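Structure assessment
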Amino acid sequence: MLTLEGVSKHFGGLTAVREVSLQVRAGDLLGIIGPNGAGKTTLFNVIAGYYRPEAGRVVLEGRNVTGLPPHAISRLGLTRTFQIVKPFGNLSVLENVMIGALSPLPSTRQARAEAERVIAVCGLGLHAHARARALPLALRKRLEVARALATHPRLLLLDEVMAGLNPTELVGMVDLVRRLHADGLTIIVIEHIMAAMMRLAQRIVVLHHGEKIAEGTPQEIASDRRVVDAYLGEDFSLAEA
Ligand SMILES: Nc1ncnc2c1ncn2[C@@H]1O[C@H](COP(=O)(O)OP(=O)(O)O)[C@@H](O)[C@H]1O
Ligand SMILES: [Mg+2]
């Protein structure tokens, strides 16, 4: 469904992503982990069209989409969430999600119906008329997922939607992602917290200093020496996984 071929992205002298190649098949639930600054968000920005890579190609369902703008890529069925959630704070949850739904749907009425459906899926039904800025973090993260879902993606990129959640909220988000995947969505999840990812992903790619240093099942990743070394000094323990 998605293929990255030798993708690199530089910021001045800094190589944020270095020659990363990976494959995502339809139905995958792929995890991308790595310490802070590893290049995870930058990679999403390249995939979703926010940055043009200096080298390499992004191929979505056989089509070279490298350098296409985000709205064009979204129309082709790939949408991301933002690590720093950016809802329109003065608008309600429903209005925020409707904005996402209006891009694939022609009428306000249809967009509203679709937004209501997505809001229910994301467990935001009781908050549909709350202002986005009044929501606590866990619900803002859900709103971010709902906004992305409203664009009707076939491939959804989630950037740290579990960061900052308490254990109960974390279970709720893991459950939501699992349900979306079970309903047929192909998902790439970025997470800094390795423990959550070990329970969620079928396959994990590890980035470190912009490079892919490992790829495998959660079990393979947990016992990979390079991965353990990459995380040394980080606030995390493999035992949690
Ligand atoms: N817009 C930018 N301009 C300059 N440097 C950036 C920019 N975005 C990210 N970086 C740098 O690129 C590296 C990777 O960042 P990022 O992709 O955000 O990592 P991660 O999401 O894995 O924490 C970091 O060193 C970061 O400071
Ligand atoms: Mg990031």
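Keep in mind that this is a model prediction, so the values were computed, not measured.

Contacts to ligand 1 come from Phe-11, Leu-14, Ala-16, Pro-35, Asn-36, Gly-37, Ala-38, Gly-39, Lys-40, Thr-41, Thr-42 and Tyr-51. At a separation of 2.8 Å, an oxygen atom of ligand 1 approaches a polar side-chain atom of Lys-40. Contact between ligand 1 and Tyr-51: a nitrogen atom at 3.2 Å from a side-chain N or O atom of the residue. For ligand 1, whose unbound accessible area comes to 560 Å², protein coverage reaches 62%. The set of elements that each furnish at least two residues to the shell around ligand 1 consists of strand 2 (14-24) and helix 1 (40-47). Counting residues per element, the shell around ligand 1 draws most heavily on helix 1, at three residues.

Approximately 540 Å³ is the volume attributed to the largest pocket. Lining the largest pocket are 25 residues, and of these Ser-74, Thr-79, Gly-100, Arg-147 and Thr-151 sit closest to its centre. For the lining of the largest pocket, the secondary-structure elements that each account for two or more residues are helix 2 (70-75), strand 6 (78-80), helix 3 (93-102) and helix 5 (137-150). With five residues, helix 2 is the largest single contributor of residues to the lining of the largest pocket. Of the pockets and cavities examined, the second largest pocket occupies roughly 260 Å³. In this structure, the second largest pocket is lined by Glu-114, Arg-117, Val-118, Val-121, Leu-149, His-152, Pro-153, Arg-154, Leu-180, Asp-183, Gly-184 and Leu-185. Here the lining of the second largest pocket gets four residues from one element, more than from any other, and that element is helix 4 (residues 108-121).

Next up on the list: the sheet that holds strand 4 (residues 55-60). In spatial order, the strands read 2-1-4-5; together these four strands make up an open sheet with antiparallel pairing. Since the sheet does not close on itself, it has two edges, and those belong to strand 2 and strand 5 (63-64), each with one partner. Across two bridges, the pairing between strand 4 and strand 5 is antiparallel. Opposite Val-59, over in strand 5, you have Asn-64 as the bridge partner. Together, strand 1 (2-11), strand 2 and strand 4 form the strand contacts of helix 1, whose direction differs from that of strand 1 by roughly 115°.

Thresholds, definitions, all that
Residues numbered from 1 in each chain as written. Chains lettered and ligands numbered in written order. Predicted model: local features only at pLDDT ≥ 70, side-chain atom pairs only at ≥ 80, totals over all residues. Heavy atoms only, no water. Near = heavy atom within 4 Å. Polar contact = N/O pair within 3.5 Å; in protein donor to acceptor, adjacent residues only side chain to side chain. Areas by Shrake-Rupley, 256 points an atom, 1.4 Å probe, with all protein chains shown as cover. Helix = DSSP H or I, 4+ residues; strand = E, 2+ residues; numbered from the N terminus. 1 Å grid on protein atoms, 1.4 Å probe; cavity = no way out; pocket = protein on both sides within 12 Å on 5 of 7 lines; lining within 4 Å. Points joined across faces, edges and corners; volume = space filled by probe spheres on them. Pairing = 2+ DSSP bridges. Contact = heavy atoms within 4.5 Å. Axes fitted to C-alpha atoms, helices over the stretch in contact; angles between N-to-C directions.

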